[in-house]
Each structure stands twice: as structure tokens, then as C-alpha cells.
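So you can see what is in the structure, the chains are spelled out below.
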Amino acid sequence: MGRDECKTMLDALNKVTACYRHLVTALGSTSDSQNLREELKKTRKKAQELAVANRTKLTALLKDKTISKDDRAEYERLWVLFTSSMELLEVDMKRSLEIGQDFPLKVPTRHLIQTGMTGSTTTVAARAMSVQNMKYEADASIDTLDLKDLETEIAQVDQMMEEMEMKVQVAPWAVEAKQEAGAELKSTVSVGNSSVGVISICEEEPKETVEGENGTMKIFVGIIFTAVLLIAGILGYLVINL
Amino acid sequence: MTIRNVRDHGQRFRPRMACLKKVESVVLEMQDPKTGVKSQNQRLVITTIPHAVTGEDIVAWIANRFKTNTLEARAVGTMMVAFGYIYPLQDHKRLILKPDTSLYRFQTPYFWPAQQWPVEDTDYAIYLAKRNIRKKGMLELYEQATRGTSASQHALVLPYRLEYAWSTSLYIDAAGKERKKPDRVVFECQERAYWVVHRPPPGTVSAMDYGTDRMVDPNMEEVKKKTSDYYRRIIMFTQQCIMRPRVKSSVSIGALVKYSTTYKEHDPFLHSSLPSNPWLTDDVTYWALNLPNVETPTKMRVERWTFSFGELLTDPRGRADFRLFLKKEFSGENLAFWEACEDLKWGAAETMKEKAQQIYKTFLARGAPRWINIDGKTMEITVKGLSHPHRYVLDAAQTHIYMLMKKDSYGRYLKSPVFKDTQKKAIAPEAHRFSDAQLEQNAKRRRPSLSPIILRQQEEEQKAKLAASGPVDITQLCRFTAPVPHLAVYTGICEATSPGLMTLPNSAACPSPISVAIDSTPASERRFDGNGGPSSSHFPSIAEVSISEEENQLPAPKSRMSLSLTRLLRRGCNAPSVFASLSPKCAVTTGGGKVQPLGVEPLAQPQPRRIANFFQIKVDIPPECRIYPIDSEDEEDDSPDTARGTVKEIICPWETITKQDGAG
């Protein structure tokens, strides 16, 4: 079914775009490295491939006059989601170009921002590429070399988007939203290994540090707790002895 | 359909914030492991996260680097936090730098405030959606508002974008979960800090406020290719620059100096105002003494009137004083005209046409009741403009009258007894000397002033009063100086009496030797009974009395002679014979006037000889008489509105009389 195909392809594109965004946020920080640059490059390429595939598919479907009204509405909605995704990707690419130019890796006097992120982004990239392990085969000066490619790619994406707008006549404002406001709460996406519990701890941890001053409160509570335990023990002992 | 997400229609570019690049370089310097800021680890319950910096370390580093004191360093640090380059780990909503052990961390370059990337609402929607997932729908109020209804009503975030945001947020969320725990925590903190900077909670001050957008993109590259068009524009621009009228700096600076020296004592910022500045001492005496229509003005205010004519006119009290002076001089119609023009300029659009016509009828028409003296060219322009009246149609005439008043009346006003009297009576309040306790008391006793609605009502009442009393002094004058009825040549006095004033270029109004009588008698009265008497009994030594004498002839029964005269005059035909035939009658009345005008005005000269000269009236109608009426006026001649007709016929003889010089 064309619709499902489209949907899966769009999902894939969204996934890759999301991963790309995560990778770009790590640029320039202490978790930056040659590997990151290579990951960016690979993710980018994958995203572009998916974009092209999506585009051809959707254009073909939309050009088709024989489809029903519902189908058409659905495809238009998908198209609109696709263009939004592309815009996001384009902005991220432009930003990565700018940051990449500002933070070349080889220059010793140029220091990376100490953001606190020290881990690597391999897993994110692996998710994007849908592989288990990432292989790094690029050479050492990828950070500077890649920028030129990046520029050309940005130009390509620009052009593609213009073409898309010209060729396909879809009014974005006419498309109705399928999901309502709280939808994302209910929907699930195939997530890797995490649980809600971990997330809530993440949220709360920063908050706990706020209560640094209230550490004394915690100590106090701890003391009371141990006191209660002691009393309970003493009472029990007395009861047993009686 | 090339509708990209272009929300800019003209003014769209954010102005360049040059400070951002500078702060970036400072932040980069801070990263140096040797010379930068010392970092430590942040200990959370389960993990430790490196690269946390204390506030005091930052302040110390900045102070050291820029060789300033700690206060300055703190301010700079706060600025960096406000821009979002550093974010606090505790108390994340308050973007200030606390110079103690509270922890901060550097923001990743992706989240730096960038000139080129305006913060998109779609991203914000994604962020809120993610948080919604995390917190299971417990967002703060403003975030909810943004996310829910207003985001969709927001022109920038269309529903499809919202939907996209919601769906994308899941993916981004999922992707984020691939990272290790500490990194995830850090990322969350980063993102949260980013959005605190760029979407501040309501009521907080944001450092990213920049005022209005620019029309030109400051980040756009300058023209690389210099085409001929580019050069052509440069040439045009420079030519216009050369052609611009320039003022010599000696002149402009001189004007500035003059202005400063004149006004420096009147500026409340530079000089203490008497009795005391209400903003400083909460004592409103100053405002009470300087109300727009106060009885006795303050000395400072009166001094201001001497600075320039404009000052006098803009101050309502000054204008009132000037009006009084003009009333005494019988040239109040100039000011009245000027005020009427102002009213036209500033008034409502719907009544504009009628107002313009009314003003013309009252002030400018041939034989108008309050005729003002404008030169022929201006009159021509005005009349032409009046066929299609607009707000500024009387501008030329108004300027002319303004200059007239300024050059002539203003000077006389400053030397007049009216002004000297006002000056003497002006109050000079003493300066207050409040103690601190009294100041506090004053502050407690602050009360709001009169509502502007009430003030406006008072203004309107005053205006109405003025309007009611205004025309009386001038227009009634001549009416009440009565001619001998049976000798009256000119019939049917108009409701508005003769101009008679056109003769004198300097707005010598119809005098009112019987001004007292005028004030008391209503405008509609046209009794001549008592008028002849009083007029003859008073002997003001003003030449204008003679004019009033002559104007007294207006309230006369209509005669056929006058009618024919009207027609003659209308055609601008000045048959001496006609006038000659008229003259004896005039002569008689003048003779009966028994008023010997003394020469103040040029009219004085011909006066004694007027009786004799009446028989040889020169009939060259002076230019002032040749007013081009608007079309409607012509029609009125044939109407039973005798007033108009008689007014017209009145005009010319006046002028002929005055134009005579020793003909007799």
C-alpha cells in the first residue's frame, strides 16, 4: 500500500533528521571529535538519500490523478510533514557548517567548549545509520575537508526544496492536523533501552542539586529515621524481655 | 507557489547584535585549560558531570582578564549568562551571575544566540512536546498556553507545523535516549537553559530584546559584483548629497548656543523649577501655578513669552493675554483667523469642508464681518484651493497672518500696558525646602490629578465662551455707531457688519469707543438709537472712529441707489459719478459725527478733508478690494440676502475714501 510505504519512509527520514540534530548539538563541545564529524557526514548523506527517495515517491503519488480524495489528502499531509522535516534538516546543516567552521579540530589554540558532555555520540549515529556498530574510516582532517562538501550539499538541498515547491502544488495551510494536542503522550515510538524511571531521575537530578542547601534537611530526616529505628529496636527488646 | 516560510513583509531582519561575537570570543578564551576558568565536577546523586564552574571563579577570571573591579566583572558575567553563553545549574530561571559557589556551565555552540538563526517557534513546539512527554502533561502555564491554543493561533506556527513538531519530538526524544546518562542530563539542562533565554517566562526581562526589525539584512554580504546599475545609484546618491541645502556650522551652532542660553533656566533638568519640581518632591504647587488658564501666571512663564512669538501663542495663558491686547487694539480677527485655521488643521475630517467655508465667509470674503488683510496673491491661492478644500487649504493665509502678527502686533504687545501689567502681577513663588520627613509625607499624600476627560470638558467650555464673546467686540462696533437713519445710503446692514478694516493694513480693527456698550448689547441688536449719541459723545483719539463713523452708515434702509451701486461695484465698475452722488450723503453723516479723528493711522490725513473730497471720490479700487470671490458668493448678490450685497458695496467706498489724499 503506497500510503504505508510513504509513512515508513517518512518515519525513517524523521529518525535520521532527529539523530542529525543530536549530533549537531554536540559540535564544538568537548564531545566533539573527528569521529563526530564523520558521523555527521554519514548521517547527512543518509538523510539526503532518504529525502530524495521520499520526494520521488511522494511526487509520483501526488501527480497521480487517479487516486481518491482521502488518499490525496493523506499524501498532502505527508508531503507537508516531509517539507517540514526538510526545512529542519536544512537549518541543521547550515548551523553545522557555521559551527564547523568556527571550531576546527586540529588547531591547538582553538579550544572546545567545556559543556560537560564527554561521552561519544556513536550510539546516536548507529541508530541513524541503522547499524549495530559504527565504522570510522575517514582520514584525520575530515573536519576541514568536509566543510566544502557540506556547502555543496546545502546548496543542493536548497535547490531541491525550491523545486519541490514549484512542482508540487500543496497548500500547507490547507492541510489539517491529524493528531490532536496530547497525541504524543499516547503514541509510542520504538525506543531503545530506557525506561520512564530513568527519565524522571534525569529530570529530578538537576532539581536535587538545587536543594543543596536543603541537604541539611535530608540529614535531619535521616537522623530522625535512625532514631525511630532505634526506639523501635529498644521497644522490641523490652517486649521480648518482658 | 513559492510560499516558503517567509513571514517577513518588509521589515524582517533582526538588527545586528555586535556584542554577541565579542562575547563568543571571551567564552572561547575561558575554555583554555591553562589560562581559562577552572572547572570542577558537579556531583549529582548517581553521576558526576564535569565542567562545572563556580560563579566566583568566573567573576575572578573576568576581573583578571579585563583588569577591572569585581562589580564590573560581575556585570559582564551577568550579561554572558543573560545571553545564554553560560547557564546556571541551580535556579535555572534567574539568569544572573551569582559571585558565590553556585555552579554554572558553558552552553554548547549549537545553542548559542546566533544572529542568523532566528529562534523558530517550531523548535519551541518540539521542545515543549518533548517536555510534555517527560512530565506527562505538567507544563508550566505559559508553556501550555504557547503549546496549546496560542501556538496554533500564532501566525508563525501553523497547525501542520504543530503536528510535525509533535511527531518529530518523539523521534528526537528517542534519539536522545541513545546517549549515556550524564550526557542526557547535560543535554536536557542545555536545552532548558536555551529556552529560558529565548522564550523567557512572562514578566522577566530578556537580554535578547532588540526593538524593531531592520529592513536590510545586516548579515547579508555586501555587493560583490559592481554592475553599472550599482555605480549609477552611487552617482545619484552623491549628487543628491551635494545638492542638499546645507547650513554653515557657525550658523547652526550659533542657533544651538542661542537656544541653550535662552532656555537653560527654564529647563527643569538643568535648573530647579520653582517652587519645587513635583516629580522630585511630590508637591503639586508647580502644576497648580502653571495651569493652562490660570489667572496670574508665574514670572518664568511670562518670561518665556518674550522669547518668541511662537512661545506666546503656544501657551494658552499667553495667547489669552495676547487676545486681550488685540481686543484693545481692535485687531483680534487676525488671531481669531489663526486659531480658526489651527482648528481646521487639527479638527475632524468630516466637518472640514464646512469649517473651511465658514472661515472664508467670516474672514476672507469680500465684505466679511471679520475681514483680515491678506495680499492678493495669497488670496488667489486660497480661493483657488477652497474649491477643493482640504486640511491645509488655508495654510498660506495662516502663515501670512502669523508673520503679520509676529512682525507687528507682537512687538507692540511686548510694549503694551497689558503685558506690562501681567508682568507686574506675575507671581514668583519661593522655593520649597522640604525636610526628609516632609518628603515622605508628600509621597504618601500623592493623589491622581484631574481626569483628562474633565480637563477636556473644561477646555471646550472655555472655547465656547470665547467664541460667544469673540465676535461681539469687533462686529458689533460699527453697528452701534449709528448713522442718521434718513441719511443712510447703504441699506440693510448685514448680520456681520462691515469690514471697514481692510483699509488699514495693520489690522486696525473697528474701534469701539463704545466697547462697553458693545459688550453688553447682543449681536443681533441693530438699534441705532442710542448709538449715534454715544458715538458722538465719545471722542477717542483714534482715527478708527472715523471708520466706525463711516461704518455707521451701514445700518441704513435700503435705497435704490444703493442697489444699483451694488451692481456697479460688483462689476468692479467705478463710475465716479455714482460715488459723487453718494458722497453728499456721506458727507452729511460724517459731518454729523462731530468726531475729529486724530491722526494715528494713515486715515487721519484724509479725514478732515473727507467732507470736501466726498464729491470727488477717487474710484480706483485698491487691490485689497479686488477679491476673487468663490463662485457661490456671486450668486448671493441676487438673493434677498441683502446683507451680502450691502457688505460688498460697503467695501469699496471705504477704500476709495482712504485712498484719497488731498484731493479736496
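Quick caveat, the model's predicted, so the values are computed rather than measured. Each chain carries its own residue numbering, running from 1 in the written order of its sequence. By the order in which they are written, chains take letters starting at A while ligands take numbers starting at 1. Reporting in this predicted model follows two pLDDT cut-offs: at least 70 for local features of residues, and 80 or more for side-chain atom pairs to be given and counted; totals over whole chains, interfaces and linings ignore these cut-offs and use all residues. As a rule here, side-chain values come from all non-hydrogen atoms in the structure, and water together with hydrogens is ignored.

1. Considerations on the overall build of chain B
Helix and strand content of chain B: 30 helices and four strands. Burial classes: relative accessible area under 20% of the type maximum marks a residue as buried, over 50% as exposed, and values in between as partly exposed (1.4 Å probe, protein chains only). The buried share of chain B, reckoned over its 664 residues, is 47%. Taking as baseline every contact in chain B between residues at least 6 positions apart, the subset at least 24 positions apart corresponds to 74%. Secondary structure elements follow DSSP: runs of H or I no shorter than four residues count as helices, runs of E no shorter than two count as strands, and numbering proceeds from the N terminus. By definition in these notes, contact holds between two residues if any of their heavy atoms fall within 4.5 Å.

2. Quick word on the overall build of chain A
Each helix and strand in chain A was counted, giving eight helices and zero strands. Overall, chain A shows an N-to-C arrangement of helices and strands of α-α-α-α-α-α-α-α. Residues counted as buried form 43% of the 242 residues belonging to chain A. Counted over contacts in chain A with a minimum sequence separation of 6, partners at least 24 positions apart contribute 83%. The protein chains shown are the only cover counted for residues, whose accessible areas, like all others here, come from Shrake-Rupley with a 1.4 Å probe. Surface exposure of chain A reaches about 12600 Å², of which carbon and sulfur atoms provide 62%.

3. Considerations on the pairing of strand β2 (residues 48-54) of chain B
All names here are of chain B. Taking burial as the measure, the seven residues of β2 include six buried ones, the bulk of the element. At least two bridges found by DSSP between two strands is the condition for calling them paired. Bridge count for strand β1 (residues 40-43) against β2 is three bridges, and the pairing is antiparallel. Bridging from a neighbouring strand, Gln40 pairs with Ala52 of β2. Between β1 and β2, which follow one another and run antiparallel, lie four residues.

4. Thoughts on the packing of helix α16 (residues 332-346) of chain B against helix α17 (residues 352-364) of chain B
Residue and element names in this part refer to chain B. Only the stretch in contact is used when a helix axis is fitted, and all axes are lines through C-alpha atoms; the angle between N-to-C directions ranges over 0 to 180 degrees. Contact geometry for α16 and α17: axes closest at 10 Å, N-to-C directions at 170°. Between α16 and α17, the angle is such that the two are roughly antiparallel. Of α17, the residues touching α16 (which contributes Glu333, Ala336, Phe337, Ala340, Cys341, Asp343 and Leu344) are Met352, Lys355, Ala356, Ile359, Phe363 and Leu364. By the convention adopted, Pro, Cys, Tyr, Trp, Phe, Met, Ile, Leu, Val and Ala count as nonpolar, Lys, Arg, Asp and Glu as charged, and the other residues, Gly among them, as polar. Residues of the contact of α16 with α17, tallied by class, amount to ten nonpolar, no polar and three charged. Note on terminology: angles under 35 degrees are roughly parallel, angles over 145 are roughly antiparallel, angles of 65 to 115 are roughly perpendicular, and the others are oblique.

5. Quick word on the UniProt feature "transmembrane region" (unreviewed entry) in chain A
UniProt positions are given in the numbering used here, feature names are shortened, and annotations may be inferred rather than shown by experiment. With numbering matched to this structure, UniProt assigns "transmembrane region" (unreviewed entry) to residues 219-240 of chain A. Span residues 219-240 of chain A is 100% helix and 0% strand, its end C-alpha atoms 31 Å apart.

6. A look at the confidence of the model for chain A
Residues shown with low pLDDT carry predicted positions that ought not to be read at fine detail. Residue and element names in this part refer to chain A. On average, residues of chain A score 77 in pLDDT, and 81% of them reach the 70 mark or higher. Here pLDDT means the predictor's own confidence in every residue, given as a number from 0 to 100. Confidence scores differ between elements of chain A, with helix α7 (residues 196-210) showing the lowest mean pLDDT of 38 and helix α8 (residues 215-241) the highest of 89. In the model, residues 188-213 has pLDDT below 50 throughout and makes 35 contacts with residues more than four positions away in sequence or in other chains.

7. A word on unusual backbone geometry
Residues and elements named next belong to chain B. Cis peptide bonds are those with omega within 30 degrees of zero, and the linkage from Leu274 to Pro275 qualifies with -10°. Relative to the elements of secondary structure, Pro275 occurs in the loop between α10 (249-263) and α11 (278-281). At His51, a position not held by glycine, the phi torsion is positive, near 60°. Tracing the backbone through its elements, the reader meets His51 in strand β2.

8. Brief notes about the packing of aromatic side chains
Geometry of an aromatic ring pair is reported as the spacing of the ring centres plus the angle between the planes. For this analysis, a ring pair means two rings from Phe, Tyr or Trp (six-membered ring only for Trp) whose centres lie within 6.5 Å, classed as stacked if their planes differ by under 30 degrees, edge-to-face if by over 60, and tilted for the remaining angles. The full count for this structure, using the stated rule, is 23 aromatic pairs over all chains. Plain terms: the ring middles of Phe103 of chain A and Trp112 of chain B are 6.0 Å apart, the flat faces sit at 55° to each other, and that makes the pair tilted. In this pair, Phe103 of chain A is assigned in the loop between α3 (69-102) and α4 (122-129) and Trp112 of chain B in the loop between β4 (103-106) and α4 (121-135), connecting two distinct chains. For the residue pair Phe103 of chain A and Trp112 of chain B, the accessibility class agrees, reading buried in each case. Between Tyr127 of chain B and Trp195 of chain B, the ring centres sit 5.8 Å apart and the planes meet at 20°, which makes this aromatic pair stacked. Highlighted residues: Tyr127 of chain B in helix α4 and Trp195 of chain B in helix α8 (residues 181-198), separated in sequence by 68 residues.

9. Some details on the side chain of Ser416 of chain B
By the secondary structure assignment, Ser416 of chain B is in the loop between α19 (395-415) and α20 (417-425). Among the polar contacts listed, one links the side chain of Ser416 of chain B to the backbone oxygen of Tyr413 of chain B, at a separation of 2.7 Å. Nitrogen and oxygen atoms within 3.5 Å of one another constitute a polar contact, given that in protein one can donate a hydrogen and the other can accept it, and given that sequence-neighbouring residues count only through two side-chain atoms.

10. A few points about the packing of helix α2 (residues 34-63) of chain A against α3 of chain A
Residues and elements named next belong to chain A. In contact at an axis separation of 10 Å, α2 and α3 are set at 155° when each is read in the N-to-C sense. Classified by the interaxial angle, the pair formed by α2 and α3 is roughly antiparallel. Crossing handedness for the pair α2 and α3: left-handed. For the pair formed by α2 and α3, the contact residues are Arg37, Arg44, Ala47, Ala51, Asn54, Arg55, Leu58, Thr59, Leu61 and Leu62 on the first element and Arg72, Tyr75, Glu76, Leu78, Trp79, Phe82, Met86, Leu89, Met93 and Gly100 on the second. Two helices crossing with the near one rotated counterclockwise from the far one by less than a right angle form a left-handed crossing, whereas a clockwise rotation gives a right-handed crossing.

11. Digging into the nonpolar core
Counting residues in hydrophobic clusters, the biggest one holds 103 residues, and the most contacted among them are Phe82 and Met86 of chain A together with Met30, Ile58 and Ile86 of chain B. Contacts of Ile86 of chain B, omitting those with residues within four sequence positions, involve Met30, Ile58, Met80, Val81, Tyr104, Arg105 and Phe106 of chain B. Grouping buried Ala, Val, Leu, Ile, Met, Phe, Trp, Tyr and Cys residues that are joined through side-chain atoms within 4.5 Å yields what is termed a nonpolar core. In this structure, Ala368, Val393, Ile401 and Val418 of chain B belong to the second largest nonpolar core, which totals 39 residues.

12. Considerations on α4 of chain A
A large share of α4 of chain A lies buried, amounting to six of its eight residues. Looking one or two places after α4 of chain A, you find Ser130 of chain A, whose phi comes out positive at around 60°.

13. A few points about the environment of Ser102 of chain B
Residue and element names in this part refer to chain B. Secondary-structure assignment places Ser102 in the loop between β3 (86-88) and β4. A relative accessible area of 13% means that Ser102 is categorised as buried. Taking the C-alpha atoms as reference, Ser102 lies 7.7 Å from Pro88; in sequence the two are 14 residues apart. Only 2.6 Å separates the side chain of Ser102 from the side chain of Asp100, close enough to count as a polar contact.

14. A short note on a nonpolar patch on the surface
A cluster of nonpolar residues, Leu230, Ile231, Ile234, Leu235, Tyr237 and Leu238 of chain A, forms a patch on the protein surface that exposes about 640 Å² of accessible area. Among the secondary structure elements, Ile234 of chain A is positioned in helix α8. Two joining distances apply to patches: 9 Å for like charges and 5 Å for nonpolar side chains (Val, Leu, Ile, Met, Phe, Trp, Tyr), and every residue must have over 30% relative accessible area and no salt bridge. The term salt bridge refers to a side-chain nitrogen of Lys or Arg lying within 4 Å of a carboxyl oxygen of Asp or Glu.

15. Things to note about the pairing of β4 of chain B
Residues and elements named next belong to chain B. By the alternation rule, side chains of β4 split into Leu103 and Arg105 and Tyr104 and Phe106, which are all buried. Two elements, β3 and β4, share three bridges in a ladder whose sense is antiparallel. Residue Ile86 lies in a different strand from β4, and its bridge partner there is Phe106.

16. Some details on the pattern of salt bridges
Evaluation of the coordinates by the stated rule reveals 36 salt bridges over all chains. One salt bridge connects Asp121 of chain B with Arg199 of chain B, and the closest N-O pair in it is separated by 2.4 Å. Here Arg199 of chain B lies in the loop between α8 and α9 (228-243) and Asp121 of chain B lies in helix α4, a separation of 78 residues in the sequence. When the shortest N-O distance is used, the salt bridge between Glu311 of chain B and Arg304 of chain B registers 3.0 Å. When salt bridges with common partners are traced through the structure, they connect Lys41, Arg44, Lys45, Asp146, Asp149 and Glu153 of chain A into a single cluster.

17. Overview of the environment of Val393 of chain B
Residues and elements named next belong to chain B. For Val393, the location among the structural elements is in the loop between α18 (376-386) and α19. Its relative accessible area of 8% is what places Val393 among the buried residues. For the pair Val393 and Lys345, spaced 48 residues apart in the sequence, the C-alpha separation amounts to 8.9 Å. Sequence-distant contacts of Val393, that is, excluding residues within four places in its chain, are made with Leu344, Ala356, Thr382, Gly385 and Leu386.

18. Section: the environment of Lys94 of chain A
Its place among the elements puts Lys94 of chain A in helix α3. With 61 residues separating them along the chain, Lys94 of chain A and Ala155 of chain A place their C-alpha atoms 9.9 Å apart. Setting aside chain neighbours within four positions, we find Lys94 of chain A in contact with Ile154 and Asp158 of chain A together with Trp117 of chain B.

19. Observations regarding the sheet that holds β2 of chain B
All names here are of chain B. Strand order in the open sheet formed by four strands is β1-β2-β4-β3, and the pairing between neighbours is antiparallel. The sheet is open, and its two edges are formed by β1 and β3, each paired on a single side. Each adjacent strand pair in this sheet contributes to an overall mean axis angle of 55°, direction not counted.

20. What about the confidence of the model for chain B?
Residues and elements named next belong to chain B. Residues of chain B with pLDDT of at least 70 account for 65%, and the chain-wide mean is 72. Confidence drops under a pLDDT of 50 for residues 149-156, and excluding neighbours within four residues, the segment shows eleven contacts in the predicted structure. For this predicted complex, the interface score ipTM comes out at 0.74, while the overall pTM is 0.51.

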